[in-house]
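# Observations on chain architecture
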Amino acid sequence: MGTHTPRRILVTGALGQIGSELALGLKDRYGADNVIATDIQPDTRKKLSSAVPFALLDVLAPEAVDTIVQKYRVNTIYHLAALLSAVAEKRPREGWDINMGGLLNVLDAARSNKCSMFFPSSIGAFGPSTPLDGTPQDTIQRPESMYGVTKVAGELLCDYYFTRFGVDTRGVRFPGIISNGTLPGGGTTDYAVEIFYSAIKEKKYTCFLKQGTSLDMMYMPDAIKAAINVMEADPARLKHRNSFNVTAMHFTPEMLAAEIRKHIPDFTIDYRVDPMRQRIADSWPNYMDDGAAREEWGWMPDYDLAAMTTDMIRVLRRRHEQGLL
Ligand code: NAD
């Protein structure tokens, strides 16, 4: 896409944890007329439809994807519709169908309509044989969850559409995303969001991962920044495309609890481990090396553990005081 062509953006799965905030970030950057938000569910709570055009779209219907791309003269697609790790592990066949079938339909629409495409991969694209400390950009990827299988296949498919058909596909491997807008949709890192709601409401939290489980995490404003910046990056500088390791912090549940205690001194945490999610978490990196993203398109997060915790507590405390939690 030429530098002077305005972006016209389709977001799939836009009512989810990431999409509901990313769609608004894209609106701020490119204008409300240039973002079309879609999801398989109706926007009953007017989360997005009060700010940007909203349409129902099932990514498993290829003609519908193509039609909406043409109707809105879309040239960039943020493809977020997917089943997350814990959900796909419970319903693996559906996880494969939605994650792979949806991606293929969107890639074909991008190909025939000359669109750029953003695909979010995940720390779930790694597995137990991956080096888990300082996980390199290019390394062993043999995940054991259905979610991870679809993310590795998705990364490869996006690269294939670039090399074979010239589709401008790009992506990042998101870590656990922490946010206070929409609740997470059934991932392994959901604890790092739930803990804040429980801390504000009840001053205690029962964690489904055990002490010592280190995972990469990122605050939502940084996730939005990564998704926008990788798509705006100068293609001449990109040695990688799908997908860049990006991280902002890594911590264990007890480290997060200690940080929360700086704001809520009588907060307590206990543990009731969910074996399925613990197994997934144990197979994911303790922390990633995101040097390639820093080098190739200037990735730099704004929020560390302390800054993220302060902001989460400020926002949720205010909402709690207003009776909105
Ligand atoms: P989410 O589960 O909160 O939202 C997904 C959305 O997709 C939902 O609103 C759902 O209604 C929609 N959807 C499901 N099936 C659909 C279909 N057939 N057609 C259209 N829409 C459909 O997920 P999220 O956390 O916002 O994640 C978005 C993307 O980012 C996913 O690809 C996910 O794998 C990836 N990701 C998320 C995280 C995280 O921590 N949230 C981390 C790494 C990667």
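Residues numbered from 1 in each chain as written. Predicted model: local features only at pLDDT ≥ 70, side-chain atom pairs only at ≥ 80, totals over all residues. Heavy atoms only, no water.

Here the focus is the site of the ligand. In the vicinity of the ligand lie 26 residues, with Q17, I18, D39, Q41 and Y147 positioned nearest. Between an oxygen atom of the ligand and a side-chain N or O atom of Q41, the distance comes to 2.8 Å. In isolation the ligand exposes 830 Å². Once the protein is present, 91% of that is buried. Each residue belonging to the shell around the ligand can be placed in one class, and the counts come to 14 nonpolar, 9 polar and 3 charged. (Near = heavy atom within 4 Å. Polar contact = N/O pair within 3.5 Å; in protein donor to acceptor, adjacent residues only side chain to side chain. Areas by Shrake-Rupley, 256 points an atom, 1.4 Å probe, with all protein chains shown as cover. Nonpolar A, V, L, I, M, F, W, Y, C, P; charged D, E, K, R; others polar.)

The two faces of strand β9 (residues 204–207) differ: Y205 and C207 on one face are buried, but K204 and T206 on the other face are not. Strand direction decides the pairing type here: β9 and strand β13 (residues 268–271), joined by 4 bridges, are parallel. Within the sheet, the bridge partner assigned to K204 lies in β13 and is T268. (Buried < 20%, exposed > 50% of the residue type's maximum accessible area, 1.4 Å probe, protein only. Helix = DSSP H or I, 4+ residues; strand = E, 2+ residues; numbered from the N terminus. Pairing = 2+ DSSP bridges.)

Our focus in this paragraph is the pattern of salt bridges. Pairing is possible between side chains that carry opposite charge, provided their charged atoms lie close to one another. A complete count under the given rule lists 14 salt bridges for this structure. Salt-bridge contacts for D28 lead to K27; the nearest nitrogen and oxygen are separated by 4.0 Å. Salt-bridge contacts for E259 lead to K262; the nearest nitrogen and oxygen are separated by 3.1 Å. (Salt bridge = Lys/Arg side-chain N within 4 Å of Asp/Glu carboxyl O.)

As a further point, take the environment of D270. Relative to the assigned elements, D270 resides in strand β13. By relative accessible area, D270 is classed as partly exposed at 41%. On a C-alpha basis, the gap between D270 and L24 in space is 36 Å, while along the polypeptide they are 246 residues apart. Ignoring any residue separated from it by four or fewer positions in sequence, one finds D270 in contact with Y205, T206 and C207. (Contact = heavy atoms within 4.5 Å.)

The 7 strands lie next to each other as β3-β2-β1-β4-β5-β7-β11, forming an open sheet whose pairing is parallel. Bordering the open sheet on either side are β3 (54–56) and β11 (244–245), each of which pairs with just one other strand. Pairing between strand β1 (residues 9–12) and strand β2 (residues 35–39): 3 bridges, direction parallel. Bridge pairing in β2 links L10 to I36. Strand contacts of helix α7 (residues 220–232): β4 (76–79), β5 (116–122), β7 (169–174) and β11, with the helix running at about 155° to β7, the strand carrying the most contacts. (Axes fitted to C-alpha atoms, helices over the stretch in contact; angles between N-to-C directions.)

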